[in-house]
Amino acid sequence: MTYKEYNFDGLIGPTHNYAGLSFGNLASATNAGAASNPREAALQGLQKMRSAMELGLGQGFLPPQDRPHLKTLRALGFSGADTQVIEKAVATEPQLLANCYAASCMWTANAGTVAPSPDTQDGKVHFTPANLAANFHRSIEADTTARVLEHLFDDENMFVHHPPLPGAMHFGDEGAANHGRLCEQHGDAGIHLFVYGEDGERFPARQKKRASEAVARNHQLAPKSTVFVEQSKAALDAGAFHNDVVGVANGTVLFLHEQSFSDPKAAYASIRKAAPFVEIVEAPQAEVSLEDCIKSYLFNSQLLTLPGGEMALLLPTEAEENPRVKAFVDDTVAKNNPINRVIYKNVRESMRNGGGPACLRLRVVLSEQEAAATNQHFILNEEKIGKLEAWVNAHYRDRVMPDDLRDPEFMTESFAAMQALTDLLGMGAFYDFQR
Ligand code: SUG
């Protein structure tokens, strides 16, 4: 059977804004209060999807969630008509309103963790939506994310959906942003690398070891095929709030910064033991500092196996603009390793909230049969990308300032956009605001 990796990117929603909501995420803090451009953000995202598709890769998307999330505001005591809910929240809890307006579900690496069918005991694809307990604005994504994944992968003969982990931060889980899969071919049984954190001096860790272990159990992974590694506190405190800011795994390659793991020697030894074929491509601190790596999102690149077998790195333009990072990338491509192609894409609107190319996608390895059973509305081709671009151009603003969230008209516009999207995608009354 042939297996293929599909990237499901988050379609960026109409309320994309810079609210400084994520402690430990330096870009989110730095750009708090700046003007965002949701239209440009969504078009940049679609353009990135188009590039991956043009490389011959499987490309899908996850729809944005309904924001402002009135269901959350109502659960917190704001009542009345929709407009009144907004007005009351504006009057007493404007920061809470900003949390309920975040378009953060665009970063689908955090939507959940996926185990492809060659890796699981029952031979099905397993999904666990992330509880995202570390940040309030992200924790409210989990319910709808679960609904979205069930909607896309709706065949119980092939797909198993677990609920988000219970227990809030005790089982803090940020999904695939701290998870990678190594294998020789996508259809082989893969090795699952789970990276967890311990609180640093400066910033708290979001991913708990016990959460990664629970996901591995739920997904019925063989213990010999799992490796659990602690992220370094140096990386966390330098702003790597997810491990995918300092490393990425794909196929036979683990591409990462020298200081990603707290004990690199021991970590590499356990990875090599589980995956003897692994090629570790490392950036030395002397060439690329953690700071450069976090500013440029060098390792938040998509490491893609192209149909011919070679690998390409899809990086943000910020990586091209940093001479040390660019030199390291050029050097990596010139050297003898499977990475031999580089593509820079502009996803600046997302980057300014700390989300690079790899944050914007959830990888799902599917057999031909599983791909055929996936909801085809969410698998892209040029025609569908064109329709989504037209939808964005019809409904999105090109400038949003923090104060715009106070205007109930922005809510009305956002819901009109979401209604048009559910019509376009045949989703019915899918979102909370439609129920
Ligand atoms: O969770 N930023 C996201 C960025 C997520 C990036 N994902 C991965 N690394 N996989 C976060 O910190 C900022 C929202 C704001 O401040 O308006 C935000 O949620």
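Residues numbered from 1 in each chain as written. Predicted model: local features only at pLDDT ≥ 70, side-chain atom pairs only at ≥ 80, totals over all residues. Heavy atoms only, no water.

1. Remarks on the nonpolar core
(1) Moving on: Counting residues in hydrophobic clusters, the biggest one holds 75 residues, and the most contacted among them are Phe8, Phe153, Phe255 and Leu298.
(2) Moving on: For this core, the element with the most residues is helix H2 (residues 38-54), which contributes five residues.
(3) Moving on: Setting aside chain neighbours within four positions, we find Phe255 in contact with Gly247, Val248, Val281, Leu298, Phe299, Ser301, Leu303, Leu313, Phe328, Thr332 and Ile339.
(4) Moving on: Within the second largest apolar cluster, 20 residues are counted, among which are Leu73, Ala89, Leu96 and Cys100. (Core = buried A, V, L, I, M, F, W, Y, C linked by side-chain atoms within 4.5 Å. Buried < 20%, exposed > 50% of the residue type's maximum accessible area, 1.4 Å probe, protein only. Helix = DSSP H or I, 4+ residues; strand = E, 2+ residues; numbered from the N terminus. Contact = heavy atoms within 4.5 Å.)

2. Notes on the site of the ligand
(1) Moving on: Taken together, 21 residues sit near the ligand, with Leu21, Ser22, His137, Asp244 and Cys359 positioned nearest.
(2) Moving on: Backbone polar atom of Gly20 to an oxygen atom of the ligand: 3.1 Å apart, as the coordinates give it.
(3) Moving on: Here a nitrogen atom of the ligand and a side-chain polar atom of Asp244 are 2.7 Å apart.
(4) Moving on: Protein contacts shield 99% of the accessible area of the ligand, which totals 490 Å² for the unbound molecule. (Near = heavy atom within 4 Å. Polar contact = N/O pair within 3.5 Å; in protein donor to acceptor, adjacent residues only side chain to side chain. Areas by Shrake-Rupley, 256 points an atom, 1.4 Å probe, with all protein chains shown as cover.)

3. Description of the pairing of strand E12 (residues 302-305)
(1) Moving on: For E12 and strand E13 (residues 311-316), the ladder comprises four bridges, and the chain directions are antiparallel. Of the residues in E13, the one forming a bridge with Leu303 is Leu313.
(2) Moving on: Here E12 folds back onto E13 in antiparallel fashion, the turn holding five residues, of which Gly309 has a positive phi close to 105 degrees. (Pairing = 2+ DSSP bridges.)

4. Some remarks on the packing of H2 against helix H16 (residues 382-395)
(1) Moving on: Between H2 and H16, whose axes approach to 10 Å, the crossing angle comes to 175 degrees. Our classification of the angle between H2 and H16 gives roughly antiparallel. Along the contact surface, H2 presents Arg39, Ala42, Leu43, Leu46, Gln47, Met49, Arg50 and Met53, while H16 presents Glu382, Ile385, Leu388, Glu389, Val392 and Asn393.
(2) Moving on: Of the residues that constitute the contact of H2 with H16, the class distribution is eight nonpolar, two polar and four charged. (Axes fitted to C-alpha atoms, helices over the stretch in contact; angles between N-to-C directions. Parallel < 35°, antiparallel > 145°, perpendicular 65-115°, else oblique. Nonpolar A, V, L, I, M, F, W, Y, C, P; charged D, E, K, R; others polar.)

5. Overview of the pattern of salt bridges
(1) Moving on: In the structure shown here, the tally under the stated rule is 18 salt bridges.
(2) Moving on: Glu174 serves as the salt-bridge partner of Arg206, at 3.2 Å between the closest nitrogen and oxygen. Of this pair, Arg206 sits in the loop between strand E7 (191-196) and helix H8 (209-218) while Glu174 sits in the loop between strand E5 (159-161) and strand E6 (179-182), placing them 32 residues apart in sequence.
(3) Moving on: Connected through salt bridges with shared partners, the residues Arg50, Glu382 and Glu389 form a single ionic network. (Salt bridge = Lys/Arg side-chain N within 4 Å of Asp/Glu carboxyl O.)

Treat this as a map of the structure, not an account of what it does.
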